[in-house]
Amino acid sequence: MQTSETLEQIEREARERLNPSLSNPSWLVLSRRREILREWLSRLPSGNICVLDVGGRLQPYRPFLQHRATRYLALDPRYTPLVNVVGRGEQIPFASDTFDFVICTQMLGYAPEPARVIAEIHRVLKPGGCLFLSVPSIYPCDSEFDAWRYMRCSLRLILAPFRHAEILAERTSISGLFRSINVWLVMFARPRMLGTCLRFTVVPVLNLAAAGLELLFPTTDDSFSANFSAWAQK
Ligand SMILES: C[S@@+](CC[C@H](N)C(=O)[O-])C[C@H]1O[C@@H](n2cnc3c(N)ncnc32)[C@H](O)[C@@H]1O
């Protein structure tokens with residue numbers, strides 16, 4: 001599939017995911033995912049690694065890995081100048097035990113057969129290799145290909161082939177609620193101009209309010225968390 005996106009547009013989108021602005025309706029989850037990934041990456045053994053990005057059309061987290069990746073390959077059914085292999089995670093065209101690290105962020109909601117994607121990622125990872133996964137739990141359907149949402153339990157089940165898996169909510173139910181309001185305001189406000197206005201006025205306030213409330217009322221409740229991160233080792 002060809003793309004109409006320019007490299008500049010792709011890089012801009014990737015930067016906004018890695019370092020989201022406060023006016024981003026997903027600031028709460030994106031900023032937390034960055035912290036989680038940075039912390040988990042410190043567990044990787046030192047030395048050079050071979051990386052596969054499944055759903056790697058944008059590669060927002062590549063800057064975290066770039067300096068130590070001997071190879072950073074991206075697979076995606078949608079071609080962009082950053083994609084090395086146009087293909088699907090359900091059928092990864094690499095030999096078994098090839099990669100030290102696989103990253104798969106915000107892609108598994110769109111995969112027709114998510115368990116098959118995970119089985120393929122497990123296959124291409126070297127023994128001891130690791131997967132970083134992030135998946136949506138609460139988000140409006142955003143395209144005709146948007147198929148799945150994940151709970152802590154679905155992640156445990158889907159990651160069963162791995163010998164060790166750890167799951168973390170990208171913030172608590174408080175943030176889940178405020179993030180959902182943000183997304184709703186920006187996506188559904190009409191006329192569209194109103195959505196843009198809300199994005200630069202109400203959204204930053206809600207983002208800061210949620211972060212503040214989480215500090216004031218610490219909770220581990222993640223039953224309404226908007227997104228989950230997972231780390232799994234083969
Ligand atoms: C929301 S984007 C996420 C992009 C990037 N990983 C990120 O975190 O910003 C989802 C990506 O998954 C890709 N995708 C959808 N179905 C896929 C599949 N079955 N196998 C691999 N990639 C897929 C889409 O083309 C899209 O580029």
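The rules we used
- Residues numbered from 1 in each chain as written.
- Predicted model: local features only at pLDDT ≥ 70, side-chain atom pairs only at ≥ 80, totals over all residues.
- Helix = DSSP H or I, 4+ residues; strand = E, 2+ residues; numbered from the N terminus.
- Rg over C-alpha atoms; globule rule 2.2 N^0.38 Å.
- Buried ≥ 20, exposed ≤ 12 C-beta atoms within 10 Å, placed from the backbone.
- Contact = placed C-beta atoms within 7 Å.
- Core = buried A, V, L, I, M, F, W, Y, C linked by C-beta atoms within 7 Å.
- Pairing = 2+ DSSP bridges.
- Axes fitted to C-alpha atoms, helices over the stretch in contact; angles between N-to-C directions.
- Arc of directions from axis to C-beta.
- Right-handed = clockwise from strand over helix to strand, strands pointing away.
- Parallel < 35°, antiparallel > 145°, perpendicular 65-115°, else oblique.
- Nonpolar A, V, L, I, M, F, W, Y, C, P; charged D, E, K, R; others polar.

1. Some details on the overall build of the chain
Thinking step 1. The number of helices and strands found in the chain is seven helices and seven strands.
Thinking step 2. Along the chain direction, N to C, the helices and strands of the chain fall in the order α-α-β-α-β-β-β-α-β-α-β-α-α-β.
Thinking step 3. Taking 17 Å as the expected radius of gyration for a compact globule of 234 residues, we find that the chain reaches 18 Å, a close match to that expectation.
Thinking step 4. Each principal axis of the C-alpha atoms in the chain carries an extent, and together these give about 50 × 40 × 35 Å.
Thinking step 5. The buried share among the 234 residues of the chain stands at 39%.
Thinking step 6. A separation of at least 24 residues holds for 72% of the contacts in the chain among residues at least 6 apart in sequence.

2. Details of the nonpolar core
If you look at soluble globular proteins, the nonpolar side chains tend to sit buried side by side.
Thinking step 1. Membership of the largest hydrophobic core comes to 41 residues, with the highest contact counts inside it found for Val54, Val102, Cys104, Ile121, Leu131, Leu155 and Ala230.
Thinking step 2. The element contributing the most residues to this core is strand S5 (residues 125–136), with six residues.
Thinking step 3. Leu28, Phe178, Val186 and Ala210 belong to the second largest nonpolar core, which has eleven residues in total.

3. Topic: the sheet that holds strand S1 (residues 49–54)
Thinking step 1. What the seven strands build is an open sheet, ordered S3-S2-S1-S4-S5-S7-S6; its pairing is mixed. One side of each edge strand has no neighbouring strand; the edge strands of this open sheet are strand S3 (85–86) and strand S6 (164–169).
Thinking step 2. Looking at chain direction, S5 and strand S7 (residues 227–233) are connected through seven bridges and run antiparallel. Across the sheet, residue cysteine 130 finds its bridge partner in S7, namely glutamine 233.
Thinking step 3. Packed onto the sheet, helix H2 (residues 27–41) meets S5, S6 and S7 and runs at close to 15 degrees relative to S7.
Thinking step 4. Packed onto the sheet, helix H4 (residues 114–124) meets S1, strand S4 (99–105) and S5 and runs at close to 150 degrees relative to S5.

4. Concerning unusual backbone geometry
Thinking step 1. Following arginine 190, the chain continues to proline 191 via a peptide bond in cis, the omega torsion being -5 degrees.
Thinking step 2. With respect to the secondary-structure elements, proline 191 resides in the loop between helix H6 (173–188) and helix H7 (192–216).
Thinking step 3. Backbone geometry places aspartate 97, a non-glycine residue, at a positive phi of 60 degrees.
Thinking step 4. Looking at the element boundaries, aspartate 97 is found in the loop between S3 and S4.

5. Some details on H4
Thinking step 1. Of the residues making up H4, those classed as buried are Pro114, Val117, Ile118, Glu120, Ile121 and Val124. For H4, the arc enclosing every buried residue in end-on projection is 160 degrees, short of the 170-degree limit, so these residues lie on one face.

6. Quick word on the environment of arginine 192
Thinking step 1. Mapped onto the elements, arginine 192 comes out in helix H7.
Thinking step 2. The spacing of arginine 192 and alanine 226 is 34 residues in sequence and 24 Å in space, taken between C-alpha atoms.

7. Things to note about the pairing of S5
Thinking step 1. Burial within S5 is extensive, with nine of its twelve residues counted as buried.
Thinking step 2. Sheet analysis places S4 next to S5, joined by six bridges and oriented parallel. Bridging across to S5, cysteine 104 finds its partner in leucine 133.
Thinking step 3. Remark: the S4/H4/S5 crossover connection has right-handed handedness.

8. Comments concerning the environment of alanine 210
Thinking step 1. Among the secondary structure elements, alanine 210 is positioned in helix H7.
Thinking step 2. In the structure, alanine 210 is positioned 182 residues away from leucine 28 in sequence and 8.1 Å away in space, judged by C-alpha atoms.
Thinking step 3. Those residues in contact with alanine 210 that lie beyond four places of it in its chain are Leu28, Ile174, Ser175 and Phe178.

9. Focus: the pairing of S4
Thinking step 1. The buried count for S4 comes to seven of seven residues, which makes it a mostly enclosed element.
Thinking step 2. In this structure, S1 lies alongside S4, joined through three bridges in parallel fashion. Looking across to S4, one finds that leucine 52 is bridged to valine 102.

10. Some thoughts on the packing of H6 against H7
For any two helices packed against each other, the geometry is given by the interaxial angle and the distance between the axes.
Thinking step 1. Between H6 and H7, the least distance of the axes is 9 Å, while the angle of their chain directions is 180 degrees. By the criterion of interaxial angle, the relationship of H6 to H7 is roughly antiparallel. Listed contacts from H7 to Ile174, Ser175, Phe178, Ile181, Asn182, Leu185 and Val186 of H6 are Gly195, Leu198, Arg199, Val202, Val203, Leu206, Ala209, Ala210, Leu213 and Glu214.
Thinking step 2. Taken together, the residues that form the contact of H6 with H7 break down as twelve nonpolar, three polar and two charged.

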